[in-house]
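Spelled out from the first residue to the last, the chains are:
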Amino acid sequence: MPSANGHHPAFSLVRAVPIKALNLTVEEYRHNRTGARHYHLAADDDQNVFLVGLRTVPEDSTGVAHILEHTVLCGSERYPVRDPFFMMIRRSLNTFMNAFTSSDWTAYPFASCNEKDFYNLLDVYLDATFFSRIDELDFRQEGHRVEFEQWDDPSTPLVFKGVVFNEMKGAMSDPTSVLWQTLSRELFPDTTYHHNSGGDPEKIPDLTYEQMVAFYKRFYHPSNAVFMTFGNQPVERLQREFEEKALARFEQIDPDSAVPLQPVFAGPKQVEDVYPLDDEDTTAKTHVNVGWMLGESADLDARLEAQLLEGVLLDTSASPLLKALETTDLGAAPSSVLGLEDSQRQMVFVAGLEGSEADRAEDVEKLILDTLTEVAEKGVDPQMVESVLHQLELEQREITGDGFPYGLHLIVQALPAAIHDSDPINLLDLEPALERLRERAADPQFIPNLVRRLLLDNPHRVRLTLKPDTELSARQQSEEKARLAAMQETLSDEEKQQIVDRAKALAERQAEEGDISILPTVTREDIPEDIDIPQPVQFVHQPSSQRWYDRSTNGLAYLQLALDLPPLDREELELLPVYTGLLTELGAGDRDYLAMAEAVAAKTGGFSAAASIRAGIEDIHNTSGYWLMSGKALVRNADAMVDLFHQHLDAARFDETDRIRDLVSQMRFGVEQGVAGRGHIHAMTLASAGMSARAALRHDTSGVAAVRRIKAMDDGLETAAARQDLAERLARLHEKLKGGFRHYNVVTEQRHFSSMAQALRGHMRQGETDEAFALGHHVEQIREGWVGNLAVNYCAKAHPAVAPKHPDAAALAVLGGFLRNGFLHTAIREKGGAYGGGAGFDPESGSFRFFSYRDPRLAETLEDFDRAVDWVVDTAHEDRTVDEAIFGVIASIDKPGSPAGEARKAFVDALHHRSPEDLREMRARVLDVTQDDLKRVAETYLRSEQASVGVLAGPSREEELDELGLRIERI
C-alpha cells in the first residue's frame, strides 16, 4: 500500500517494497541535503508511530548516552519550558511515549491514534532531538550532582543525587544486569559494547556537563539519524514536518559514528567477577555463563541462521541444550541470560546456569560443549528444525500490540539494521530469506555444521563465573562515602557556597511553572465520542458457552478456555500460581514433557494457563474466579492445536516429579530476580493487601510474599518424598479444577470459524460447578517493610477507597494523574531523585495507591505522599490541569491493543460481569470530573490515619524501617 500523495521534494524515494505477510509497504527515502534516512511503513492503521533513532557510541561507562537521553527532553529552542516531555504526556492522547538508550543507539518514539495529537508530539520531539537546550541544571537533575545532605548546611555530609544515578543503582543491584554487562565487557574489550551505556554508578559522577554537550553535538545530527514512521499518515506531510521543523537548518556531515568490528580472540577466555548479595547464605547463588561473539546482525542470512540455531538448541525443553541445562545438577535453573542477542552490530550467543557454585564452572562449560559436540556429531531430528522454522513464520505473521503498539514493534525490530547502515526492510520481509533458509536446512548436516562454525570452532568465547559477594554492597557504599568525604575535605568556603547556590538554583528551576501555553495540546473536543469494544459475532450457550470474535489476525487462530473456579482452601489458593505455571510445561496422556514440548512447538505458538480472580464491580469483597488456558496457532494447524490444548486439560501428567522440581527452581529464580524490576508493583501490592481478601491473595500469590513462598517450596523439594507430595497435591488440584463449567473463546477471521468449530466439536461438554467460588471478607491496616537484595527503595501507601462501579471511582482515577502531574513528579523524581513516582486508583483492591520507583529516599517520600493530598485540597488549581489528568485516563481507556488481545480482554471482562456499557459509563463519568470532585474524594478517602504502608528496601535501611514503625519481613 504505497503512500497516495507522493513525497516531499526535500527527499528522494529510494524504493518501495510491499510486504504481503505484514499487509504493508515499506518506503525508503533519503533526505537530499543531510543524507538522513526515512523509512515509512505505510499501513491501513490509524495508530500512527514515529521514531527518530541516532547512533550513539559511548567510550566509557559514565552513562553519557543515557543521561543525554533524559536531558534532551527537558526543554528545547521553541519549547523552552521545564520538562516539555512530561508536560506533553499530560497534554496528549498518546498511546505510547518514551525514549530508549541501547548499547549503541538512542531512540525517541511515540504513537497516537489522534491526528492532531500525533503532529503536536512530532513538533515537540523534533525540536527536542535536534534543538535541545541541554541546560546544566537539567543535567544535574537527570544525571548526577553533589549536594549537602541538608542542602543549605555545608556542615552536613555530601551526597550524590540524580535520576539516572539512582536508576542505575537499582538496575545494577539486579544480578541479571550485572551478568550481561560483565559478559559484554569481556566479549568486547575493544569496542563500545565494553562499556555500560546506561552508566555504572561508580563512573557516572565522573561525567562532566561539557562532555555531555560534546556528545550531543557529535551524535545528534540528521546525518547520523534515521526516521521511521508507521501508519496511514501521508508521507509528504510527515516529511514536510521533518523538513520545516528541523532538517532545513542542517548540512550533511560525516558523523564518524560507525561501530568498528571487535577483533576475534585467538582462544577462549575464563573470567571471574562478583555481584552484590545482601544475604549471608551464598550457597547455590553463582552464575556460570559461556558466551560467544558471532557475526554481524545486519547480514540477514547469518542472523536467521543464528536464530534457527538458537531455536534448535533452546526453544523447548526437548531442545538438546535447554534439556541439558534444565536437568543437570550443576545448577538450579538455566540462566536468565540465555540465547541470542542480535540487536548489536555483532551478535552474541549465551548459555549457562544460575544457582550454581564457582567450583563447578569448568563442569558447566564442559556440559555445554559436550552437548554441542553431540549435536554436531549426531545431528537433530529434522522435525525439530521444521518446528523452529514454523515458529519463525508464526512470529512473522502475528499482529501484536498489547502494551506496545504493533507499528512500534515492527520499527524496533528493523531499527538496529537501519542504525548500522544496513537494510531494515530485509528484517521485516523475512519470507524470501526464510525460504532460502528452509532449503539449506533440509540438508541433515546443516545444523551440525552450523554448531561447529558458530560455536565449537569459534575461538571468541568467554566463560564467566559471577559469584555473590556479601560484602560488596557495603564496600560500595563505604567507597562512595569515602569519595564524598575526601571531596568535602578539600572544599574551600567559596566552593561550599557554590554547591549551596547550585542546589538553590536547581530547586528554583524545579519550582518554575513556565509558560506551558506555548506547548501544543489536545482539547476535550479532540476526544472521540465513543470507544470501540469488540463484540462476539456468535454466542453459543450449549453444550459449553462459546464466544466467537471476528478479528483480523493475519492467518492465526486464538483459543481460550475459562472454567469456573470451585471453592478452594488456603493451601489450594497458594498452590494455584505454581499449578498454572507448571501445567503447560508437563507431559500429557501418553506423551512425556519432552514429547509434548516437541508436539506443541511443531504445530502451535504455545499454551499458557492462569487464574483470573477479580473483585466484584459493585462490591470488592464479592469476588469471582476462573481458571484459564490460552493457545494460538496458524489456522492450518487448528486441529492439532485444539487436540494438544485439550490433552493438557484432560490428561495432564503429574508423575514427572523431577520435571516439577526443575520447573519450581526455574520459577524461584525468575521471581527472585524480578523483584528489583517490579519493586514498585510489589510495594503497592503489599500496601493494598489489607483492603480485601482478594488483595491479600494477590500479595500472597504474586507479591513479595509469593517470592518468599516459592523460595521455601524450592528449598523443601530435596527429597523424593517431598517431590511426590507436591505432585500429588498438584494432581488433586487439577482434578478439582478441570470439571468446572467451560467457557470457550475463539478469535480469528470469520472465514475460519467453520474449521475451528469442527476442531472443537469433539471436546465440548457441559461441565459443572456445584458451589460458587468466594474468598470472604478480610480488612486490615498494613505497615510493613520487606528487606531484600536491593540498592534503592520502593515506597507505597494505600488508602481504602471504593469499588470499580462506585460513582467516585472516576474522580479517583483522574486524581492519580492529577497528583502525578502537579505534585508527585516534581517532589519524587525531580527533587527526590527517584526514577519515578505516581499514584492511581486500583479497582481490584478498591484502593488509592501512591508509589515510588528506584528511590534513594524513604521517610521523606512517604511524607511527600501526604503532602500531595494537602496540595490537592488546599490549592486553587487551573481547570486545564484537570483536563490534562482526564486526557491521561481517557487515553488509557481508549488505547488499542492487538486485534486478538482486545477480544481476549473483552471475553475475560464479560466473565467477571463487566460489560461494554460499564466501561462507557466509567468513561463518561471521567469526562465529567471537576476540580471540586478531586478535592472532595481526596478529603473523603485519602486520610493519612487510614493509610497502609508497604516498602521494599535493602538491609542498610532496616533501622529506618524500624523507626517508621513498620513490621520488618524478609523477602
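The structure this text deals with has already been given above.
Peer 1: So what exactly am I meant to see when it comes to the pairing of strand 22 (residues 742–748) here?
Peer 2: Regular strands have side chains that alternate between both faces of the sheet. Counting buried positions along strand 22 gives seven out of seven residues, so the element sits mostly inside the fold. Neither face of strand 22 is exposed, since R742, Y744, V746 and T748 on one face and H743, N745 and V747 on the opposite face are all buried. Bridge count between strand 18 (residues 545–550) and strand 22: six bridges; the pairing is parallel. Bridge pairing in strand 22 links Y549 to V747. Note: strand 19 (residues 556–564) against strand 22, six bridges, orientation antiparallel. Within the sheet, the bridge partner assigned to L559 lies in strand 22 and is V746.

Peer 1: Looking at this structure, I do not really get a negative patch on the surface. What am I missing?
Peer 2: Taken together, the side chains of D279, E280, D281 and E471 make up a negatively charged region of the molecular surface. By secondary structure assignment, the location of D281 is in the loop between strand 11 (269–276) and strand 12 (286–296). Relative accessible area serves as the criterion here: at 39%, D281 is assigned to the partly exposed category.

Peer 1: Is there a simple way to explain the sheet that holds strand 26 (residues 847–853) in this structure?
Peer 2: In a beta sheet, neighbouring strands are held together by backbone hydrogen bonds and run either parallel or antiparallel to one another. Taken in spatial order, the six strands of this open sheet run 25-26-24-27-23-28, and their pairing is mixed. Each edge of the open sheet is held by one strand with a lone partner, namely strand 25 (836–842) and strand 28 (967–970). For this sheet, the mean inter-axis angle between neighbouring strands, taken without regard to orientation, is 15°. One ladder, built from five bridges, connects strand 24 (residues 794–800) with strand 26; its direction is antiparallel. The residue of strand 26 that forms the bridge with P800 is S847. Contacts from helix 28 (residues 809–831) reach strand 25 and strand 26, with the element oriented near 170° to strand 25.

Peer 1: Can you help me understand the pattern of salt bridges in this one?
Peer 2: Think of it this way: side chains of opposite charge can pair up when their charged atoms draw near. Inspection of every chain in the model, using the stated rule, returns 87 salt bridges. Salt-bridge contacts for R37 lead to D421; the nearest nitrogen and oxygen are separated by 3.5 Å. Of this pair, R37 sits in strand 3 (residues 37–42) while D421 is found in the loop between helix 13 (406–419) and helix 14 (424–428), placing the two residues 384 residues apart along the sequence. Here D421 falls in the exposed class, since its relative accessible area comes to 51%. Salt-bridge contacts for K366 lead to D370; the nearest nitrogen and oxygen are separated by 2.7 Å. Of this pair, K366 and D370 both sit in helix 11 (residues 361–378), four residues apart, which is roughly one turn of the helix. What emerges from the salt-bridge pattern is a single network uniting R661, R668, E672, K711, D714, D715 and E718.

Peer 1: In this structure, what is going on with the sheet that holds strand 17 (residues 538–540)? I would like to understand it.
Peer 2: Strands sit in the order 17-18-22-19-21-20 across an open sheet of six strands; the sheet is mixed. Two strands lie at the open edges of the sheet, namely strand 17 and strand 20 (607–614), each paired on one side alone. Strand-to-strand, the axes of this sheet are offset by a mean angle of 15°, without reference to chain direction. The sheet contact formed by strand 17 and strand 18 spans three bridges and is antiparallel. In the sheet register, F539 faces strand 18, and the bridge partner there is R547. Contacts from helix 31 (residues 899–911) reach strand 18, strand 19, strand 20, strand 21 (624–634) and strand 22 within the one sheet, and its direction differs from that of strand 22 by about 160°.

Rules used in this analysis
Residues numbered from 1 in each chain as written. Predicted model: local features only at pLDDT ≥ 70, side-chain atom pairs only at ≥ 80, totals over all residues. Heavy atoms only, no water. Buried < 20%, exposed > 50% of the residue type's maximum accessible area, 1.4 Å probe, protein only. Helix = DSSP H or I, 4+ residues; strand = E, 2+ residues; numbered from the N terminus. Pairing = 2+ DSSP bridges. Patch = residues over 30% accessible without salt bridge, like charges linked within 9 Å, V, L, I, M, F, W, Y side chains within 5 Å. Areas by Shrake-Rupley, 256 points an atom, 1.4 Å probe, with all protein chains shown as cover. Salt bridge = Lys/Arg side-chain N within 4 Å of Asp/Glu carboxyl O. Lys, Arg positive; Asp, Glu negative; His and termini not counted. Charge placed at Lys NZ, Arg CZ, Asp CG, Glu CD. Axes fitted to C-alpha atoms, helices over the stretch in contact; angles between N-to-C directions. Contact = heavy atoms within 4.5 Å.

What is shown is where atoms sit, not what they do.
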